[in-house]
Each structure stands twice: as C-alpha cells, then as structure tokens.
Amino acid sequence: MSIITKTQIRVRYAETDQMGVVHHGNYATYLELARIEWLDQLGVSYRTMEKQGVMLPVHAMQFKFKKSAFFDDNLTIVTILREKPRARIIYDFEIYNQEKELLTTASVTLVFMDVVRKKPIPCPDYLLELIEKNE
C-alpha cells in the first residue's frame, strides 16, 4: 500500500532561528500541510470531512532530523500512506531540499474520531474506496 504525494514548501524567514536554520517546531506544520495536500489530491476535503462529523486528531508524531533546512530552501515533502487505514491512519514522510538531499524523515499517526461524541470511529467508507481506487 502506498499512495504517494509531493508537496512543495519554501522556507520563510520567520520559520528560522538567528542562524537561518528552520526551528524544529515548524516541521509539525509542514507535515500538516502535506497531509491536507495528500487528502486533496485523493479528492477528499478535510473541511468537508469535519462537516460530516469526522476529525483526525494526532495520536503520535516522530521525527528523525538528518540535516538542517535553511531560510529560502525549497523543500519537497513526500507523503506516503503506510497501510490501509482502520480507526487510525499512518503517514510516513521524507523531506528533501532543492539539492534532493534527505533532511528529515517522520511519521504521524492520526485517529478517526466522531466530532460530537469524541470517540474513535472506523475510517469512512468513501475514503477507503478512494484509497483502493488510487493504489
């Protein structure tokens, strides 16, 4: 199972420290942007999912920083669906700079949750169907 998307991000000055290095706290935002893009490319609007009563809170997030990203770098975030989702969905990520150097790897686990009851639920059928169709 692997549905893969690529998201482009240009590092802004505000995301860096005095040395021009991207602060580690910004990587969570980068991955969120990539996950939303992954859903968009699959044909799913996260906003629509929430309106239909499904939210995806983060359960776990893990990073391995290999090299630094710097101000004005053009980053490519590769988003990979690790396995068929059930009550959770797991993404793996690779972040590259414009020289195609691997800077960071990460993984994020999110849980499908009922907006009202705040309880875990199975992955919506329409999402499973789109994933199967795009494998």
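Details of the structure are given in the entry above.
These notes cover the structure that comes with them. Values in this document were obtained by computation on a predicted structure and should not be read as measured data.

### A word on the environment of Tyr 91
With respect to the helices, strands and loops of the structure, Tyr 91 is situated in strand E5 (residues 88–96). Exposure remark for Tyr 91: the relative accessible area of 1% places this residue in the buried category. Excluding residues that lie within four positions of it along the chain, Tyr 91 makes contacts with Arg 35, Trp 38, Leu 39, Thr 79, Ile 80, Leu 81, Ala 106, Ser 107, Val 108 and Leu 110.

### Some details on the nonpolar core
Generally speaking, nonpolar side chains in soluble globular proteins are found buried as a group. With 37 residues, the main nonpolar core has Trp 38 and Phe 112 as its most contacted residues. At the level of secondary structure, the elements contributing two or more residues to this core comprise helix H1 (26–42), helix H2 (46–51), strand E2 (54–55), strand E4 (74–81), E5, strand E6 (102–111) and helix H3 (125–133). Ignoring sequence-local partners within four residues, the contact set of Trp 38 consists of Ile 3, Thr 5, Thr 79, Leu 81, Ile 89, Tyr 91 and Ile 131.

### Considering H1
In this model, H1 (17 residues) spans 25 Å end to end at C-alpha, consistent with the 24 Å of a helix rising 1.5 Å per residue. Those residues of H1 lying buried are Asn 26, Tyr 27, Tyr 30, Leu 31, Ala 34, Arg 35, Trp 38, Leu 39 and Leu 42. One or two positions beyond H1, positive phi appears at Gly 43, with a value near 100 degrees.

### Observations concerning the side chain of Thr 109
Take Thr 109: it is sitting in strand E6. Contact partners of Thr 109, with chain neighbours within four places excluded, come to Pro 57, Val 58, His 59, Ala 60, Arg 88, Ile 89 and Ile 90.

Cut-off values and rules
- Residues numbered from 1 in each chain as written.
- Predicted model: local features only at pLDDT ≥ 70, side-chain atom pairs only at ≥ 80, totals over all residues.
- Heavy atoms only, no water.
- Helix = DSSP H or I, 4+ residues; strand = E, 2+ residues; numbered from the N terminus.
- Buried < 20%, exposed > 50% of the residue type's maximum accessible area, 1.4 Å probe, protein only.
- Contact = heavy atoms within 4.5 Å.
- Core = buried A, V, L, I, M, F, W, Y, C linked by side-chain atoms within 4.5 Å.
- Expected span 1.5 Å × (residues − 1).

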